[in-house]
Amino acid sequence: VPSPVLSDLEKKGGVVTHKPRPVDGANGTDADIKIEFKPLPGPIPIPIPIPVFVEATAGSSGKDGDSFTVSSGSGHSATGSNIFLAGSIGGAGGNGGSAGRGMKGNAAAGGDGGTGGNVGVGSIGDLTVQNGSGIVAFSTGGQGGKGGDGTAVTGTIKSGAGGNGGNAGQVNVTNSGQIAVTGD
């Protein structure tokens, strides 16, 4: 099934691009002690402060990158830019929450990076470029989030594991014409 052509493709001076917009995962929260007020039982309920431990939370996963296809039915020329620049980047995973400083519990894991989307570029016709590139296409997985720090004054607190990096998607480029590049 072909990927949908995205509406945010830009066509300026022969340049056709899709700008990757990775969406990163949210960071986890650090371990903490919060104060809750609970009433004492009796005829006059007097609220007293009670410390409550809140564990560190994990970072969330990055979102997957867009999958799309860019296609052109005619030749293009450009100076100082790329004729086709198409890329997809998975979002980075959020960082895990930390624990320590007299806390109990362990630090939390980082979120996994998102997968880069599939990218397709199809060109019919000749491409002429000066000081640029004819076709640049890529897919990159997002980096995994960092695990939370664990700092123990006494006892043991484990640091959180780092998240896994995301996989790249498939990149397919077809061109039935010639590509002529001059300059740097």
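> Sorry, what's going on with the overall build of the protein chain here?
If you tally the helices and strands in the protein chain, you get 0 helices and 14 strands. Counting from the amino terminus, the protein chain carries its helices and strands in the arrangement β-β-β-β-β-β-β-β-β-β-β-β-β-β. Looking at the protein chain as a whole, 33% of its 184 residues are labelled buried. Here the analysis covers contacts within the protein chain between residues at least 6 apart in sequence; of these, 77% occur between residues at least 24 apart.

> Explanation requested: the confidence of the model for the protein chain in the structure shown.
Close inspection of predicted coordinates is inappropriate in any region flagged by low pLDDT. Here the protein chain averages 82 in pLDDT, while 89% of its residues score no lower than 70. Within the protein chain, strand β1 (residues 10-12) has the poorest average pLDDT of any element, 41, and strand β13 (residues 171-175) the best, 91. Low confidence marks residues 1-14, where pLDDT is under 50. Its contacts with residues over four positions away, or in another chain, come to 28 contacts.

Cut-offs used in this document
- Residues numbered from 1 in each chain as written.
- Predicted model: local features only at pLDDT ≥ 70, side-chain atom pairs only at ≥ 80, totals over all residues.
- Heavy atoms only, no water.
- Helix = DSSP H or I, 4+ residues; strand = E, 2+ residues; numbered from the N terminus.
- Buried < 20%, exposed > 50% of the residue type's maximum accessible area, 1.4 Å probe, protein only.
- Contact = heavy atoms within 4.5 Å.
- pLDDT = per-residue confidence, 0-100.

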